[in-house]
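# Coordinate inspection notes
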Amino acid sequence: MEGLNSNLNLNEGAPPRVRPGIGEWSPRDVPGTRQKKRARWLAVLVFTVAAVAICGYGYWMYTLLS
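So, a few notes on the structure that sits alongside this text. (Residues numbered from 1 in each chain as written. Predicted model: local features only at pLDDT ≥ 70, side-chain atom pairs only at ≥ 80, totals over all residues. Heavy atoms only, no water.)

Quick look at the overall build of the chain now. For the chain, the count of helices and strands is one helix and zero strands. The proportion of buried residues among the 66 residues of the chain is 0%. Just so you have it, the chain exposes about 6900 Å², and 64% of that area is on carbon and sulfur atoms. (Helix = DSSP H or I, 4+ residues; strand = E, 2+ residues; numbered from the N terminus. Buried < 20%, exposed > 50% of the residue type's maximum accessible area, 1.4 Å probe, protein only. Areas by Shrake-Rupley, 256 points an atom, 1.4 Å probe, with all protein chains shown as cover.)

Written as structure tokens, this is what we have:
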């Protein structure tokens, strides 16, 4: 099934004289693997803290109203 996968070759159809060399168009400011791993754990931590805070606030409001 050809339609499910995108073609990652961005130089397809371009003549060889205008294709960039390997590393010539390298991305700038791409985060490293460790930084991405830290960001994933930070996102999980922030989500957990926010969920606990919302549940705690809801429980506190429930106790005030009952």
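So, next bit.
Attention shifts here to the packing of aromatic side chains. How two aromatic rings sit relative to each other is given by the distance of their centres and the angle of their planes. Applying the stated criterion across every chain yields a total of one aromatic pair. With a centroid separation of 5.9 Å and an interplanar angle of 50°, the aromatic rings of tyrosine 57 and tryptophan 60 are classed as tilted. Of this pair, tyrosine 57 and tryptophan 60 both sit in helix H1 (residues 33–65), three residues apart, roughly one helical turn. (Phe/Tyr/Trp six-rings, centres within 6.5 Å; stacked < 30°, edge-to-face > 60°.)

For the rest of this paragraph, the subject is a positive patch on the surface. Together, Arg34, Lys36, Lys37, Arg38 and Arg40 line one region of the surface with positive charge. Along the polypeptide, arginine 40 turns up in helix H1. Taking the relative accessible area as the measure of exposure, arginine 40 reaches 55% and is therefore exposed. (Patch = residues over 30% accessible without salt bridge, like charges linked within 9 Å, V, L, I, M, F, W, Y side chains within 5 Å. Salt bridge = Lys/Arg side-chain N within 4 Å of Asp/Glu carboxyl O. Lys, Arg positive; Asp, Glu negative; His and termini not counted. Charge placed at Lys NZ, Arg CZ, Asp CG, Glu CD.)

For the rest of this paragraph, the subject is a nonpolar patch on the surface. Judged by side-chain polarity, Leu42, Leu45, Val46 and Val49 come together as a nonpolar surface patch covering roughly 380 Å² of accessible area. Examined against the element boundaries, valine 49 turns out to sit in helix H1.

Attention now moves to H1. The end-to-end C-alpha distance of H1, which contains 33 residues, comes to 48 Å, matching closely the 48 Å that a straight helix rising 1.5 Å per residue would cover. Burial within H1 is sparse, with just zero of its 33 residues counted as buried. (Expected span 1.5 Å × (residues − 1).)

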